[in-house]
Amino acid sequence: MKTTHPVHPRSTRARVLLSSVFGPYAQDDEYGSRKINPMELYQNQVTRVQGGFSLRMFHRSFGLMMIQSNIDAPCTLLDFPSLNRFVSEIQENAYDIVGISSIVANIGKVKKMCEVIREYQPGATIVVGGHVANKDNISDSIDVDHICRGEGVRWFRRFLGEDEEAPIRHPMVHSGFGARIMGISLPLRPGNTAAMLIPSVGCPVGCNFCSTSALFGGKGKHINFYETGDDLFAVMCQLEEKLKVRSFFTMDENFLLHRKRALRLLELMEQHKKSWALMVFSSARVLKSYTFEQLVGLGISWVWMGLEGEESSYRKLKDVDTVELVRSLQAHGIRVLGSSIIGLENHTPEAMERIIDYAVSHDTDFHQFMLYTPIPGTPLYEKHSKDGTLLAENTFSLADAHGQYRFNYRHPHITRGREEQYIVDAFKRDFEVNGPSLARLIRTFLKGWQRYKDHPKKRIRHRFAWEVRPLRTAYAGAVWAMRKWYSRDGRMEKKMDSLVKDLYKTFGWKTRITAPLMGRYLYLTLKKEEERLAGGWTYEPDSFYEKNEAALALEKDQPKGSKFKTPSIRWVTCENVSAPGR
């Protein structure tokens, strides 16, 4: 590998294909797919055992979309293809550069894709990036020309001879698609799904297990795409106008840590009377540094927060009562996705029940459980590598090191694969004690409305009003169906009964009439969904095929009868949109 940054000889004339790894994903196969590790964030590691109550949803390959939106070369994006679809694309269309993004667990798929490229287009330059790029000696495992480590936009701009410091153009894209719950597929309608917002990458907190922090420089480092609140506000206005959204899923590892930017954004939201909702990632100590007036003013409506574990040594949790913090956030209508680790260094089999009970006691709206897993590139991986405790790849496949199955190292206290049952026990315990995440989310929504429906600021009242609209109808019906579902579980039935009565009391007679009607229907769809799941049904994402403006222009100029032709399939064009003044 060259030590200087490579530059492609065709520069901006190079034809680029960017692709995610091929599916299907929710199956066990020779390339590293695992049924236990589907291409679904929630079903994979948050609502894993909740059956028909599990939130099913897919998320686009946002890193690839960012690269495509920020290069001037003709670029095609193939997201979630099948292997056959990827092969046909390589057979039928000429490319100078093929970029593949992947996590480490899917390296077998990357290897196969590289083989396909070498067979059908041996002259193409292969670039591999994403988390897989941090794997030790990755070039010994796959036939690749260049490894893109870290942030990909500037890497590709330099590779294509473009200005790497040019303003970042944000892709116009919703945060998720294919949402499904209780057997109902939720349509992607204007205002129903949040826009994806990517202000920064990396996290300066730099927890030793965090592969995302490690990918973008590690502890103390991060990369801002938008430095100021003004820059970010401009992008959010464009997303609002283009996608007809009011909410933003903020893909930033610790959004509120950038305090100056966040508070300037708050000023602009107040100045322009924006009733936006923001879903953010934040560490506990950073959350506590803001007042609830500031959090609510910013529209913080959902927080993904690391709880890690009782007596964990992470500084971000020092002197923070996370149970109390979760209660306080929920009291202000802020939903919490708590994240806990199973298998910290001090975890023992004898203490595991207490460890799980402590996590469950937070009663977060959603709860992620992950095994303490050393991922290549992280300080935790380096430590285990130095200590000689990592399991060899020929005895433990990289495809199984995804945090939901087994340790990829020798744990000092937990042996013989017992961790597999511990993590399942954690999910089950949380579900049994706290009930479906959907019910918890509805409860927190309701608390927010009850607290802020008469707030003196109109934009605050307005935000809570549009957020809780489903509580009057669909959500009330869902709780009615849950009460019926738990008719043989007295404790859970009582919880659902209390919640539905609170909804009736808050919203009145229309909800009393609507809830049973919708509830009966949702109860039937839930039963069918449970039967479908019991029969082995799995969920896979749709495939996307998108060209930027330069690729569309090149396609129009392509001579008839050319060896390489665009296959006859539906494709979507994407727009490059930048913040004014940047």
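Scroll up to find the structure.
Note that this is a predicted model, so its numbers are computed, not measured.

Visitor: An account of the packing of helix α18 (residues 490-507) against helix α19 (residues 509-534) is requested, with residue identities and associated values reported.
Guide: It is the contact of α18 with α19, at a shortest axis distance of 6 Å, that shows an interaxial angle of 140°. Here α18 is positioned oblique relative to α19, judged by the angle of their axes. Here α18 contributes Leu503, Tyr504 and Phe507 to the contact with α19, which in turn contributes Trp509, Thr511, Arg512, Ala515 and Pro516. Each residue belonging to the contact of α18 with α19 can be placed in one class, and the counts come to six nonpolar, one polar and one charged.

Visitor: Which residues make up the pattern of salt bridges, and what are the values?
Guide: Tallied over the entire structure, the rule returns 31 salt bridges. Ionic contacts of the salt-bridge type, sharing partners, join the residues Arg10, Arg15 and Asp96 into one network.

Visitor: Could you give me a rundown of the sheet that holds strand β2 (residues 56-58), with the residues and numbers involved?
Guide: Taken in spatial order, the three strands line up as β2-β8-β9 in an open sheet, and their pairing is antiparallel. A single partner strand is all that each edge strand has here, and the edge strands are β2 and β9 (184-185). Here strand β8 (residues 177-181) runs beside β9; their pairing, made up of two bridges, is antiparallel. Paired with Ile181 across the two strands is Ile184, which belongs to β9.

Visitor: How would you sum up the packing of aromatic side chains? Please name residues and give values.
Guide: In the structure shown here, the tally under the stated rule is 27 aromatic pairs. Centre to centre, the rings of Tyr25 and Phe80 are 6.2 Å apart; their planes meet at 85°, and the pair counts as edge-to-face. Highlighted residues: Tyr25 in the loop between β1 (16-20) and α1 (41-45) and Phe80 in the loop between β3 (75-79) and α3 (83-92), separated in sequence by 55 residues. Judged by its relative accessible area of 4%, Tyr25 is buried. Overall, the relative accessible area of 5% leaves Phe80 in the buried class. Chaining the aromatic ring pairs together yields one cluster made of Tyr25, Phe58, Phe80, Phe177, Trp537, Tyr539 and Phe544. Lying over the aromatic face of Tyr545, Arg85 brings its terminal NZ or CZ to 4.7 Å of the ring centre. The lysine or arginine in question, Lys484, covers the ring of Tyr523, its NZ or CZ lying 5.0 Å from the ring centre.

Visitor: Would you mind going over a nonpolar patch on the surface in detail, with residue names and values included?
Guide: On the surface, Trp509, Ile513, Leu517 and Met518 cluster together into a nonpolar patch covering about 450 Å² of accessible area. Overall, the relative accessible area of 59% leaves Trp509 in the exposed class.

Visitor: Residues and numbers for the side chain of Ser283, please.
Guide: Within the secondary structure layout, Ser283 lies in the loop between β14 (277-281) and α9 (284-288). Overall, Ser283 belongs to the buried group, its relative accessible area being 6%. Ignoring any residue separated from it by four or fewer positions in sequence, one finds Ser283 in contact with Asn254 and Lys316.

Visitor: Describe in detail the nonpolar core, supporting the description with residues and values.
Guide: Nonpolar side chains tend to gather and get buried jointly when the protein is soluble and globular. Phe156, Met182, Leu256, Leu265, Ile300 and Met305 are the most contacted members of the largest nonpolar core, which has 116 residues in total. Considering each element in turn, this core owes the most residues, eight residues, to helix α15 (residues 437-452). Setting aside residues up to four positions removed in sequence, Leu256 forms contacts with Ala262, Ser282, Val286, Leu287, Tyr290, Leu295, Leu298 and Ile300. Among the nonpolar cores identified, the runner-up in size contains 36 residues, and Val21, Tyr95, Ile107 and Ile126 belong to it.

Visitor: How would you sum up the sheet that holds strand β15 (residues 300-308)? Please name residues and give values.
Guide: Pairing is parallel in the open sheet, where six strands are placed in the order β10-β13-β14-β15-β16-β17. Pairing within the sheet leaves two strands with one partner each, and these edge strands are β10 (195-197) and β17 (366-371). Between one strand and the next, the sheet's axes are offset by a mean angle of 20°, whatever the strand orientation. Across three bridges, β10 lies against strand β13 (residues 247-250) in parallel orientation. Bridging from a neighbouring strand, Ala195 pairs with Phe248 of β13.

Visitor: Can you lay out unusual backbone geometry for me, pointing to particular residues and giving the numbers?
Guide: In this structure, Pro24 follows Gly23 across a cis peptide bond, with omega equal to 5°. In this structure, Pro24 sits in the loop between β1 and α1. Of note, Ser11 is a non-glycine position whose phi angle comes to about 45°, a positive value. For Ser11, a relative accessible area of 26% gives the class partly exposed. Phi at Lys244 takes a positive value of approximately 60°, unusual for a residue other than glycine. Tracing the sequence through the fold places Lys244 in the loop between α7 (229-243) and β13.

Cut-off values and rules
- Residues numbered from 1 in each chain as written.
- Predicted model: local features only at pLDDT ≥ 70, side-chain atom pairs only at ≥ 80, totals over all residues.
- Heavy atoms only, no water.
- Axes fitted to C-alpha atoms, helices over the stretch in contact; angles between N-to-C directions.
- Helix = DSSP H or I, 4+ residues; strand = E, 2+ residues; numbered from the N terminus.
- Parallel < 35°, antiparallel > 145°, perpendicular 65-115°, else oblique.
- Contact = heavy atoms within 4.5 Å.
- Nonpolar A, V, L, I, M, F, W, Y, C, P; charged D, E, K, R; others polar.
- Salt bridge = Lys/Arg side-chain N within 4 Å of Asp/Glu carboxyl O.
- Pairing = 2+ DSSP bridges.
- Phe/Tyr/Trp six-rings, centres within 6.5 Å; stacked < 30°, edge-to-face > 60°.
- Buried < 20%, exposed > 50% of the residue type's maximum accessible area, 1.4 Å probe, protein only.
- Lys NZ or Arg CZ within 6 Å of the ring centre and 35° of its normal.
- Patch = residues over 30% accessible without salt bridge, like charges linked within 9 Å, V, L, I, M, F, W, Y side chains within 5 Å.
- Areas by Shrake-Rupley, 256 points an atom, 1.4 Å probe, with all protein chains shown as cover.
- Core = buried A, V, L, I, M, F, W, Y, C linked by side-chain atoms within 4.5 Å.

By themselves, these are just geometric observations and shouldn't be taken as functional.
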